[in-house]
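Fold and contact review
Residue-level listing of the chains:
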Amino acid sequence: MFSSSASGGKISSSSPEADSTAKRFQEWLSQAGLGETNPFGPLNAGEDPHLSRYLIRHDVFRAIWQDKPAIVFAPAGGGKSAFRARLAYACRVEEDMRQVLAIPYIAPTPTMDLETHLEGILRGAAQELLLRLTYRPATFTSLDDPACAAIRRALDQNDPGLLEQFLPQLEREGTTQPLVETFDLSAAHLPAPAEPAQVHALCTALAQIPPVPQVPPVAQRWQDFFDLLFATLHFEAVYILVDGVDAFPETIADPDAAAAVLFPLLAQMPHWAAQQVFLKLFLPLELAPVLPEPLTKPAKIDMITWTPELLVELLHARLRAATNGEFDSLDAISAPSLRNAEAELLAGLPPLPREVLALLNRAIVEHVRRVGPTGGLEPEDIKAARRWYQEERPFSP
């Protein structure tokens, strides 16, 4: 049967029937001109290596793409991880000619104190800095020897073993791919990557600098790292992107416990902002009433809301990416009996990206089960998918 996990419409292969459906699903994508990769998944944005190809400029993005602390709330399936990935993408490609380092940070379990938060953020910062250097090696190779040594020291001290593990892989691949696959799939498909020879030169230069075994206290490493970012690498701001606070057994059904994870970070928000370090929190809607107002007051607070027009734009962006711009309407993959397919799909559905993608994936499953991997989607496919959705509602908020 069609998997109800966030697997992007892939069919679980638990039976011969499921295997057959999965094969026909892929065949249908190909014959519809959508290629080998399902553009309507995965349903969990954080697992989607193609997410950067599907980005749209939602009003909330314009609000968080500023040098201010921000808290963004959304219901389940409402785009928290997608917006976190969107902001990281803007930083990595230097959108609007801005020099901002984004540090993705998946918040830890509720037992963590500020020092442990700082350790996690610095580890993420080291990983992101190595990704940025691999994406733009000239940033490193144009520096003088003391600056290069400071970068090597920051990487060694804040994620010991990072270079030992990844320099051989980066040398072999000549791309950011080993880092992307390990740390952040949404960093795939960044435009105009470095030439392999440039990546090789970066690896050689880093490997020639003696490693630094000493690890100072976290407060000293924090100060040193941000001095490096601002004084040596000339970043104008740093964004700490906090996501996943509700992803642990202790917090998934307990908003108060999830909020408690954030208290040490929120307490630092004004101090960090004065140093051009800005918290950007992507939080479940359930946390909105339980976060203390004195702690959230310095932040700009937004709610991710989706209109039918924005959801249609999201679908169109995915179709454009999958077809290299050949078409962007669901009507192009629908039979003549189904026109204005986007409106048919969205009718009566909760206005959330995950819900729309779940229903569309199911419509494709219904189609290939009914007629095989040929032809376009028809009204009966949407109707059958809606019946399934109303009975199962596996992605209801």
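Basis of the calculations
- Residues numbered from 1 in each chain as written.
- Predicted model: local features only at pLDDT ≥ 70, side-chain atom pairs only at ≥ 80, totals over all residues.
- Heavy atoms only, no water.
- Pairing = 2+ DSSP bridges.
- Helix = DSSP H or I, 4+ residues; strand = E, 2+ residues; numbered from the N terminus.
- Axes fitted to C-alpha atoms, helices over the stretch in contact; angles between N-to-C directions.
- Expected span 1.5 Å × (residues − 1).
- Contact = heavy atoms within 4.5 Å.
- Buried < 20%, exposed > 50% of the residue type's maximum accessible area, 1.4 Å probe, protein only.
- Polar contact = N/O pair within 3.5 Å; in protein donor to acceptor, adjacent residues only side chain to side chain.
- pLDDT = per-residue confidence, 0-100.
- Salt bridge = Lys/Arg side-chain N within 4 Å of Asp/Glu carboxyl O.
- Core = buried A, V, L, I, M, F, W, Y, C linked by side-chain atoms within 4.5 Å.
- Domains from an automatic or database assignment.
- Buried area = accessible area lost by both parts, 1.4 Å probe.
- Nonpolar A, V, L, I, M, F, W, Y, C, P; charged D, E, K, R; others polar.

**Remarks on the sheet that holds strand E2 (residues 100–106)**
Taken together, the five strands give an open sheet; going across it, the order is E2-E3-E4-E1-E5, and neighbouring strands pair in parallel fashion. Bordering the open sheet on either side are E2 and strand E5 (300–303), each of which pairs with just one other strand. Ignoring which end each strand starts from, the neighbouring axes of this sheet average 15° apart. Examined bridge by bridge, strand E1 (residues 70–74) and strand E4 (residues 277–284) share five bridges and lie parallel to one another.

**Looking at helix H7 (residues 162–173)**
Residue pairs spaced three or four apart in an α-helix point in one direction, given the helix's 3.6 residues per turn. Its 12 residues place the ends of H7 16 Å apart at the C-alpha level, agreeing with the 16 Å of an ideal helix rising 1.5 Å per residue. Contacts from the buried residues of H7 go to helix H4 (114–135), helix H6 (145–158), helix H8 (177–183) and helix H9 (196–208). Note on H7: the residue one or two positions beyond its end, Gly 174, has a positive phi of about 70°.

**What to know about the pairing of E4**
Burial within E4 is extensive, with eight of its eight residues counted as buried. Strand direction decides the pairing type here: strand E3 (residues 237–243) and E4, joined by five bridges, are parallel. When the sheet's bridge partners are listed, Tyr 239 is paired in E4 with Phe 278.

**Thoughts on the environment of Ala 90**
Mapped onto the elements of the fold, Ala 90 is located in helix H3 (residues 80–92). By relative accessible area, which is 0% here, Ala 90 ends up buried. Counting along the chain gives 38 residues from Ala 90 to Ser 52, while the straight-line C-alpha distance between them is 9.6 Å. What Ala 90 contacts, discounting residues up to four positions off in sequence, is Phe 61, Trp 65 and Glu 95.

**Observations regarding H3**
The end-to-end C-alpha distance of H3, which contains 13 residues, comes to 19 Å, matching closely the 18 Å that a straight helix rising 1.5 Å per residue would cover. The element H3 is largely enclosed, with a buried count of 12 among its 13 residues. Within H3, the full set of buried residues consists of Lys 80, Ser 81, Phe 83, Arg 84, Ala 85, Arg 86, Leu 87, Ala 88, Tyr 89, Ala 90, Cys 91 and Arg 92. Taken together, the buried residues of H3 touch helix H2 (59–64), E1, E2, H4, E3 and E4. Phi turns positive one or two residues past the end of H3, at Glu 94, with a value near 55°.

**A short note on the side chain of Glu 95**
Residue position: Glu 95 is located in the loop between H3 and E2. With relative accessibility at 13%, the residue Glu 95 sits in the buried group. Among the polar contacts listed, one links the side chain of Glu 95 to the side chain of Arg 86, at a separation of 3.1 Å.

**Some thoughts on the confidence of the model for the chain**
Taken over all residues, the pLDDT of the chain has a mean of 90, while the share at 70 or more is 92%. Here residues 1–13 is modelled with pLDDT under 50, and outside its nearest four sequence neighbours on either side it reaches 44 contacts, counting other chains as well.

**Examining the pattern of salt bridges**
Throughout the structure, instances matching the rule amount to 18 salt bridges. Ionic pairing is found between Asp 67 and Arg 98, a salt bridge with its closest N-O pair at 2.5 Å. Residue Asp 67 is found in the loop between H2 and E1, and its partner Arg 98 is found in the loop between H3 and E2; the two are separated by 31 residues along the sequence. Assessed through its relative accessible area of 12%, Arg 98 is described here as buried. For Arg 370, the salt bridge goes to Glu 380, with nearest N and O atoms at 3.5 Å. Highlighted residues: Arg 370 in helix H15 (residues 353–371) and Glu 380 in helix H16 (residues 379–392), separated in sequence by 10 residues. Through salt bridges with shared partners, a single ionic network connects Arg 370, Glu 378, Glu 380 and Asp 381.

**Quick look at the nonpolar core**
Core analysis: the largest hydrophobic core is formed by 63 residues, its most contacted members being Leu 130, Leu 155, Ile 240, Val 242, Leu 262, Trp 272 and Leu 283. With nine residues, the single largest contributor to this core is H4. Not counting the four nearest positions on each side in its chain, Leu 283 is found in contact with Ile 71, Val 72, Phe 73, Ala 74, Lys 80, Val 245, Leu 262 and Leu 291. With 58 residues, the next largest nonpolar core counts Ile 56, Ile 64, Trp 65 and Leu 315 among its residues.

**Observations regarding the domain arrangement of the chain**
One can read the domain layout of the chain as domain 1 (3–48 + 308–392) and domain 2 (58–303). The C-alpha centroid of domain 2 is placed 33 Å from the C-alpha centroid of domain 1. Tallying the contact residues gives eight residues for domain 1 and 10 residues for domain 2. Interface area for domain 1 against domain 2, summed over the two sides, is near 670 Å², with a carbon-plus-sulfur share of 65%. If you look at where domain 1 meets domain 2, you find zero salt bridges. Looking at the side of domain 1 that touches domain 2 residue by residue, the class counts come to four nonpolar, one polar and three charged.

**Quick word on unusual backbone geometry**
With an omega of -5°, the peptide bond running from Gly 41 to Pro 42 counts as cis. With respect to the helices, strands and loops of the structure, Pro 42 is situated in the loop between helix H1 (16–31) and H2. If you check the backbone angles, His 234 has positive phi at about 65° while not being a glycine. By relative accessible area, which is 57% here, His 234 ends up exposed. Positive phi, normally seen in glycine, also occurs at Asn 324, with a value near 55°. Topologically, Asn 324 is positioned in the loop between helix H13 (308–322) and helix H14 (341–346).

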